[in-house]
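Working through the structure, step by step
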Amino acid sequence: MNLEKLITWIAGIVIAFSAAGKLDILQAWIWRAQAKVIYESRSSNWGSPRFFSQESRIQNQKINTKQ
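Predicted model, so just to flag it, every value in this text is computed and none were measured. Numbers given for residues are sequential positions, taken from 1 along each chain in its written order. Local features in this predicted model are restricted to residues whose pLDDT is 70 or higher, and side-chain atom pairs enter the listing and the counts only when it is 80 or higher, whereas totals over whole chains, interfaces and linings include all residues. With hydrogens and water stripped out, all remaining heavy atoms of the structure feed into the side-chain values.

Some details on the overall build of the protein chain
Quick reminder of the rule: Think of it this way: any DSSP run of H or I at least four residues long counts as a helix, any run of E at least two long counts as a strand, and we number them from the N terminus. Here, Shrake-Rupley sampling with a 1.4 Å probe gives the accessible areas, and only protein chains in the shown set may cover a residue.
Looking only at helices and strands, the protein chain features three helices and zero strands. When the helices and strands of the protein chain are read in sequence order from the N terminus, they spell out α-α-α. When the accessible area of the protein chain is evaluated, it comes to approximately 6,600 Å², of which 63% is carbon and sulfur surface.

Okay, here's the thing in structure tokens:
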């Protein structure tokens, strides 16, 4: 991967923010992005191990017994 260009960009952004005296804003952006990543990676977004709900199983059983 070409990480050298990415690291150069990140260093440039940090230097620009520090020169302008806005490191607190940059840190807030980083914390917000980290919070979004943590929120999106929670296990409730992974899906349920039960693919079919209990109701659909009961309905399928009723249909099968009527035939």
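Let's talk about the packing of aromatic side chains
The following threshold applies: Here is the rule: rings of Phe, Tyr and Trp (six-membered ring for Trp) pair when centre to centre is within 6.5 Å. Planes less than 30 degrees apart are stacked, more than 60 are edge-to-face, and the remainder are tilted.
Applying the stated criterion across every chain yields a total of one aromatic pair. Ring geometry for phenylalanine 17 against tryptophan 29: centres 5.5 Å apart, planes inclined by 75°, an arrangement best described as edge-to-face. Pair noted here: phenylalanine 17 is in helix α1 (residues 3-20) and tryptophan 29 is in helix α2 (residues 23-40), with a separation of twelve residues, a long-range link.

What about a nonpolar patch on the surface?
Quick reminder of the rule: Here a patch means residues that are over 30% exposed by relative accessible area and free of salt bridges, tied together within 9 Å if like-charged and within 5 Å if nonpolar (Val, Leu, Ile, Met, Phe, Trp, Tyr). By convention in these notes, a salt bridge is any Lys or Arg side-chain nitrogen within 4 Å of a carboxyl oxygen on Asp or Glu. For the exposure calls, accessible area comes from a 1.4 Å probe over protein chains only, and a residue counts as buried if that area is under 20% of its type's maximum, exposed if over 50%, partly exposed in between.
Where nonpolar side chains cluster on the molecular surface, the patch consists of Leu3, Leu6, Ile7, Ile10, Val14 and Leu23 and spans about 520 Å² of accessible area. No other element matches α1, which puts five residues into the nonpolar patch. Looking at the secondary structure, you find leucine 23 in helix α2. Assessed through its relative accessible area of 42%, leucine 23 is described here as partly exposed.

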